[in-house]
Amino acid sequence: MKNLIEIGGKHRAHVALRINGEAVEVAFDTYKTLLEVLREDLGLTGTKHGCELGECGACAVLLDGEPVLSCLTLGVECAGREVCTVEGLAADGRLHPLQEALADLGGAQCGYCTPAILVTAQALLSRVAAPSREQIKEALSGVLCRCTGYQQIFESVEEAVTRMARSPGRREGVEA
Amino acid sequence: MSDTTRKPPATDRFGVIGVPRRRVDGRAKVTGQTRFADDLALPRMLHARLLRSPVPHARIRRIRTARARKHPGVQLVLTGKDLPNEFGILPVSQDEEPLCSEHVRYVGDPVAAVIARDELTAFEALDLIDVDYEPLRTYATPEDSLGHPEPRIHDYGEEGNIHKRAAFDFGDVDAALAEADEVLEDLFFYEGNTHLPMEQHAALAAVDADGKLTLWSSTQTPHYVHRALARVLELPAAHIRVIACPNGGGFGGKSDIFNHEMVVAKAALLLDRPVKICLTREEVFYAHRGRHPVLMRMKTGFKRDGSITGMQLETLVDGGGYGSYGVASLLYTGALQTVTYHVPRYRFRGCRVFTNKPPCGPKRGHGTPQPRFGQEIQLDKAAERLRLDPAELRLRIVEQPDTLTANWLRIGTIGLAECIRRVVEVSDWNDRFRKLPEGRGVGLACGSYLCGAGLPIYWNKLPQSGVQLRLDRSGEVTVFCGATEIGQGSDDVLVGIVAEVLGIDPFDVRCVTGDTGLTPVDLGSYSSRVTLMMGNAAIQAAERARELIASAVAEQLELPVSRIGFGGRRVFDVENAERGMDWREAVGLAEERHGTLGTVGSYTAPRPAARFKGGGVGPSPAYSYTAAVVEVEVDTSTGWISVPRVWIAHDIGRALNPTLVRGQVEGSVYMGLGEALMEEQAYRRLPPKLSGALVHKFPSMLEYKSLTTHDMPEVVTELIEDPEPNGPFGAKEVGQGPLLPIMPAVANAVYDAVGVRIDEVPITPDKVLKALDDKAKGGPGRYGPARFPEVEWPEAMQVPPPWEDGDGKAVNDPERKRAAKLAKVL
């Protein structure tokens, strides 16, 4: 699964993993973070960066279902694992209820922290079907947003929960 | 008056306007498909990094780049001599070099650039550049700069290290203060802070196949970047295209012209390959252009009934290392004191100095939050002195609508009284103020902001916003405008207005914005100008398109044009809605009758009433108003302040998309609380053994504190809709105004909670504890600045207020007198 290739004294990693449900093989310089591999080597620019030091949370993705900061995760650590990014949220040509709700209710202003908010909220909803406002705050507390003041984000997550409860099949479809 | 100035429509029923709805770019944002500048990549693209000065103030003796040039993978190394032309956002402050050639002015000032095959290689090569610096005296504070004229940070400006001074007298303020029953004099300090947009600035330059340059950038002002590139690169502007990518947050921090934009453009031209740069987070703190630290001395006279007899304000403004927007920022510290409450006589003295810190510029509220902080705290103190409720005091002195102020600002609608009444009601103010248990308190404050600067940054009589529409037989409508989407929803305002006028759905409209190669000029996303200016231009373009379609449909239906209505993607007989046709058919008919369809609209702001020099800062086609009540809980053992709730009412004129309006209000509350409680762009000296340099205290997001989800209180937002005749559909701004009352409302609430006055921001626990300690020892229980340094003010411009037979002009001309005196000396 994980191979190191030596070219001219420099090491490159060759890694197989699953991204958004799809099997992917990718080769990259060993120092690269998951963030860099996603954005630069796989063209998945939906995942953003605000500091590359683990401070802002903008680069959050799900690694085996758990939120991680992709700027602090090495690409080589992800061999054989499942990564979910914002590009993997929509399914069957339909947006995830979280995406719909954030778009409808002002949960995204500039949109820069939005991918991180979305995947982090998705991880929360996979653990807690109907989280309280406090649980939502806690789950999203590692992602900074400078635009919204967070309130419309909280409301969007709550609205998504309501919509998912109304049509539970939709949620299963997404998680599959 | 502009020909686009219009009365608001008589009806309150719209199809799109006023309806809460998904923003047109909502889907792109939630799918991660919004393409920010750093998301772009082009074939053969190279990467740039900047070498920045590690010393705060120095002459550059020599730069050696040979080793860096030889580093494998390096394509190009640039230094100041490669880019000799200076630039700057204001015509009067062309003081920045793309790369410093002889003089560095702050830690972080760029001196060289490496362009390499990848970022890592470029970064490695920076270490191979040797710069020999000859250190100069470091100016850390305005007092330093006032006290030492030499060496100069810049060889322009007024004198020594004073960049600019301003002095205005609008009536006899000494006489006004003498007539007062109570005179309050206070010192306030507003610490600098920064925008901290989540997106780091990025830019990508490439030479097109036909040899022309394109720059993609995270900029709020592509038009000004376009002009600066032409000047710096000595290329015809027509051969340069600037595309503003959607900004991942701006807040004013991307409205300047930046070194890195010039550098990648030059490198792309020299190498004929695309060159990209993305600033690191640390570099974003150096790019700065954030809130100016301002020391204020404010003296106001009150009659017993609360009315103000006169006001005097002095501001000392710490500009940092360059001019940036600073001359405007300075004038804004004195411009808007008169638009909220009636101030019959007003005196302003302001001084901006250069210091060896990253340059300050415009941040949300641009120059006005600092004096607003002072003014609203002073009113709280005055209310106590006069034994009036702070809300009642303000209601007594609110400025009247349709008036000219003492400093010649023309106010149209003013919903401030209604805002105050509304927040008093929803916050249960009367049951809370001075009635909550010790440690808990509420504070009230107000504010006002421009709906667009009345004048452009460089003098011209051209439209401030242009909109173009194209329609064709497919039914497609495309709207073009130079305005820039920075997250605030400018694309949505544009499309919403076009859709409203044409009776179609916003998602039917294609939107092209912020591209100097394709879109008509709009001056950019700053000064809260977009909704009003672009909005009026959009109405004009859309109404012209509507006329073309209506005439064609009227002919087809054999009806008078006045009977043609638009709505629900149909064009129909308003007296018999069944009779008509769908949108696509109607556009086809219009194309058949008129030929290829296209319309334009433009907006130019009304001419300011002020006709004195310096009177160009402050005038606006309209002013928004806000009132807020903040509740705090103060822990007297730790000084910790928590904010459980904020109630805020904003005079929006009309909410075009209430969902987005609310988002702007809540975002302003959020940013205001950050400024009030924790955000500061502060500096420290390195220990002497480490050079003693003046450095940013904490150029990282971990240490530069901002509110997280846990810190953000519940916000109750009330929108006051009193349509403004100059606004599109009556709309006013909302992006900046709601920030203004938050900081003073927090300070006033802390006083209500624990009886201490914190006359500066940020209001941190240590300051609260010091003030509590002072109070316990029998002192006044105040924390804040103790002195205002001596500033030699120039002769003031005397401008009589409108009610003292003024005509908007100065009765003296100190500038000309000074020039004549200087000529005589020479």
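Structural data are supplied above this passage.
So, how was this worked out
- Residue numbering note: each chain is counted from 1, following its sequence as written.
- By the order in which they are written, chains take letters starting at A while ligands take numbers starting at 1.
- Given that the model is predicted, a residue must reach a pLDDT of at least 70 before its local features are reported, and side-chain atom pairs must reach 80 or more before they are shown or counted; all residues, however, enter totals for whole chains, interfaces and linings.
- As a rule, the C-alpha atoms of each element are fitted with a line to give its axis, helices using only the stretch in contact, and angles between N-to-C directions run from 0 to 180 degrees.
- Think of it this way: any DSSP run of H or I at least four residues long counts as a helix, any run of E at least two long counts as a strand, and we number them from the N terminus.
- By definition in this entry, angles of less than 35 degrees are roughly parallel, angles greater than 145 are roughly antiparallel, angles of 65 to 115 are roughly perpendicular, and the rest are oblique.
- Crossings are assigned a handedness: left-handed for a near helix turned anticlockwise from the far helix by less than a right angle, right-handed for a clockwise turn.
- Contact between two residues is assigned when their C-beta atoms, built from the backbone, lie within 7 Å.
- Three classes are used, and their members are as follows: Ala, Val, Leu, Ile, Met, Phe, Trp, Tyr, Cys and Pro are nonpolar, Asp, Glu, Lys and Arg are charged, and the others, Gly among them, are polar.
- Only strands that DSSP links by at least two bridges are regarded as paired with each other.
- Any residue whose C-beta has 12 or fewer other C-beta atoms within 10 Å is treated as exposed, any with 20 or more as buried, and any in between as partly exposed, C-beta atoms being built from the backbone.

Draft legend 1. Molecular detail of the packing of helix H6 (residues 222–233) of chain B against helix H7 (residues 259–271) of chain B. Residue and element names in this part refer to chain B. At a minimum axis separation of 11 Å, H6 and H7 run at an interaxial angle of 55°. Classified by the interaxial angle, the pair formed by H6 and H7 is oblique. The two elements H6 and H7 meet at a crossing, and its hand is right-handed. Together, Val225, Leu229, Val232 and Leu233 of H6 and Glu261, Met262, Ala265, Lys266 and Leu269 of H7 make up the contact between the two elements. For the contact of H6 with H7, the residue count by class is seven nonpolar, no polar and two charged.

Draft legend 2. Representation of the sheet that holds strand E25 (residues 597–603) of chain B. All names here are of chain B. The four strands lie next to each other as E21-E20-E19-E25, forming an open sheet whose pairing is mixed. A strand with exactly one partner marks an edge of an open sheet, and here the two such strands are strand E21 (509–513) and E25. Pairs of neighbouring strands in the sheet enclose a mean axial angle of 15°, with direction left out of account. With five bridges joining them, strand E20 (residues 477–481) and E21 adopt parallel strand pairing. What sits directly across from Val477, in E21, is Val509. Docked against the sheet, helix H15 (residues 530–557) engages strand E19 (465–471), E20 and E25, running at close to 150° with respect to E25.

Draft legend 3. How the structure looks around the interface of chain B and chain A. Across the boundary between the two partners, chain B contributes 38 residues, which contact 38 residues of chain A. Mapped by element, the contributors of at least two residues to the side of chain B that touches chain A are helix H1 (26–30) and helix H17 (658–677) of chain B. Here the side of chain B that touches chain A takes eight residues from H17(B), the largest share from any one element. Of the residues that constitute the side of chain B that touches chain A, the class distribution is 13 nonpolar, 17 polar and eight charged.

Draft legend 4. Examining the pairing of strand E12 (residues 275–278) of chain B more closely. All names here are of chain B. Burial along E12 is two-sided: the residues Val275 and Ile277 and Lys276 and Cys278 are all buried. By the bridge criterion, two bridges tie strand E1 (residues 46–52) to E12 in an arrangement that is parallel. For His47, the partnering residue across the bridge sits in E12 and is Lys276. Relative to E12, strand E9 (residues 202–207) is paired through four bridges, and the arrangement is antiparallel. Paired with Ala205 across the bridge in E12 is Val275.

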